[in-house]
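The lines below spell out each chain.
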There are 2 protein chains.
Amino acid sequence: MKKNEEALKYYDLNKYRTPDGYTSDIAVFTIVDDEEDQNKKVLKLMLIKRSEIDAEGNPNIEGGKWALPGGFVRNDETAFEAAKRELAEETGVDHIHLKHFGVYDKPGRDPRGWIIANAHYAIVNEYYLEHRQAADDADDVQLFTLDEVFNLDLAFDHRKIIEDSIKWIKKDMAETTLARTFLPREFTIPELQKVILAVFYHKQIESNNFYKKLHKFDFIEEVKGENNEVKETRRNSKRPAKMYRFVDKERFVSIYL
Amino acid sequence: MKKNEEALKYYDLNKYRTPDGYTSDIAVFTIVDDEEDQNKKVLKLMLIKRSEIDAEGNPNIEGGKWALPGGFVRNDETAFEAAKRELAEETGVDHIHLKHFGVYDKPGRDPRGWIIANAHYAIVNEYYLEHRQAADDADDVQLFTLDEVFNLDLAFDHRKIIEDSIKWIKKDMAETTLARTFLPREFTIPELQKVILAVFYHKQIESNNFYKKLHKFDFIEEVKGENNEVKETRRNSKRPAKMYRFVDKERFVSIYL
DNA sequence: CTAATAGTGTCTATAAGACACTATATA
DNA sequence: TATATAGTGTCTTATAGACACTATTAG
């Protein structure tokens, strides 16, 4: 565009004060087996403990506190791409479900200056997190239940970010097929139920009636095998359970119906 | 915090490249009477036409194109506060419904440099927009229907931002009591119906059955007058209509029920 | 009385929710 | 055969959707 090139000659980049930093933070969630009740699953959040000293051996900002993983955005990527990159660096996995849910830019939120944080939530399969924990110093990365998390000493404004991330994950869980990201590609109905109950642990679902609602769930379908028979698995039980998969389908929910 | 003060001594702000600008843009929506069918309402978006030359008389970036109103965020405010301030400056109204829905930070989206845009949608009463249009140059600010908007020459990546804003307003309209922001504080059922249909103009609501759903709508209640009688209005019809108001109530919608 | 908008009643099909029951496997 | 998990059947009550109908005003 010629006209813009001309206009740029007159544009002064320094006319406005600019931020001192642009970061991406990620609330990494996973669902693991409940230790108290083997029949249940429980939602957990991964946090890192900020080291007391930085790479150069100097005291670290918010050192010793628990924080969301994250880092600075480069000028050749979006905040979303930065989150993806950082997550891959942390956990060593690609193809993780990631969603941007908010911006935290209140002046004074970071003692280092005017720093804008983009918040995302991620859903990672338990396996990768276990792997990562083993590989690294066990004191630095840990999984917490939502009850435990708020008893920790949290860095910056991460308490607020974590609260919001939980609100969003619950909302998306109820309104979209987000549950798919917690499940294997082919799953059973009881597995789906457990995931839903892990997030809505205060709610009840009549286990038996869930099956009857199935025909209304146009967002899942039975998995067929080679001879067009429905695939089954015995991984959770003696009696084989039918396998289902999610179908790409736009959902519409309304309070007015 | 003593520890952080100590740590700050060692922190170098210039370690990372920082953005060249941080802005807030606002998609301003209103609902006005449909000119073709007086019985309907229609959703419109306000856009401004960027002037060809800037205040100093130099050619303006993306001059002549239609754009969302907005501007740079100051370092003593959040992007949300900036949006609120700019909207107040533009329309002269406070207490406008405003919601942040996205960040646009793709490298190259703005020819001026690495500029991060925060997108919001706003809902403004028709009256204020009419007023504003009259006060200003009529060629510079205009209301467009959603069909008209995409035939315009739009500045920056505002086409994408507008598309997203429409998705969000529809989603929030269906899932929350956002409709309240388009309505007077006390409204009639037919008024509510028209607002919903203005946003979901492709959907049908059986006008008569809407009344039967009322008792389920725990988010609205009848407005009572002094003697505990239900308030009525005759502003739309000869026969008086009962008045309702929104009640603050958390909504929960789920695809699993 | 007519016209215009507000609001009800009624019927049928489908869905929700409670809960008792059956099915398929392993050990 | 016991037992653990998967899945059905049945009954009652609530809701959706179609559509015919009634109500209240101004002029």
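Definitions and cut-offs
Residues numbered from 1 in each chain as written. Chains lettered and ligands numbered in written order. Predicted model: local features only at pLDDT ≥ 70, side-chain atom pairs only at ≥ 80, totals over all residues. Heavy atoms only, no water. Helix = DSSP H or I, 4+ residues; strand = E, 2+ residues; numbered from the N terminus. Expected span 1.5 Å × (residues − 1). Contact = heavy atoms within 4.5 Å. Buried area = accessible area lost by both parts, 1.4 Å probe. Salt bridge = Lys/Arg side-chain N within 4 Å of Asp/Glu carboxyl O. Polar contact = N/O pair within 3.5 Å; in protein donor to acceptor, adjacent residues only side chain to side chain. Nonpolar A, V, L, I, M, F, W, Y, C, P; charged D, E, K, R; others polar. Domains from an automatic or database assignment.

### With respect to helix α2 (residues 79-91) of chain A
- Counted at 1.5 Å a residue, the expected span for α2(A) with its 13 residues is 18 Å, and the 18 Å between its end C-alpha atoms agrees.
- Where α2(A) ends, the next residue or the one after it, A:G92, has phi of about 75 degrees, a positive value.

### Some details on the interface of chain A and chain B
- The partner chain B presents 67 residues to the 67 residues of chain A that form the contact.
- Around 5,800 Å² of area is buried between chain A and chain B when both sides are counted, 64% of it from carbon and sulfur atoms.
- Linking chain A to chain B there are two salt bridges.
- Here A:E175 ties to B:K171 by a salt bridge, and the two come within 3.4 Å at their closest N and O atoms.
- Across the contact surface, chain A and chain B share eight residue pairs in polar contact (both at pLDDT 80 or more).
- Elements that contribute at least two residues to the side of chain A that touches chain B include exactly α1 (2-8), β1 (21-33), β5 (97-104), β6 (115-123), α5 (158-175) and α6 (189-199) of chain A.
- By residue class, the composition of the side of chain A that touches chain B is 34 nonpolar, 13 polar and 20 charged.

### Quick look at the domain arrangement of chain A
Residues and elements named next belong to chain A.
- Looking at the assigned domains, one finds that chain A contains domain 1 (21-176) and domain 2 (179-246).
- A separation of 29 Å is found between the C-alpha centroids of domain 1 and domain 2.
- The partner domain 2 presents 11 residues to the 13 residues of domain 1 that form the contact.
- Interface area for domain 1 against domain 2, summed over the two sides, is near 1,200 Å², with a carbon-plus-sulfur share of 76%.
- On the domain 1 side of the interface with domain 2, the three residues burying the most area are I31, K170 and M173, jointly 44% of the side's total.
- For the pair domain 1 and domain 2, the interface holds zero salt bridges.
- On inspection of domain 1 and its partner domain 2, the count reaches zero residue pairs in polar contact (both at pLDDT 80 or more).

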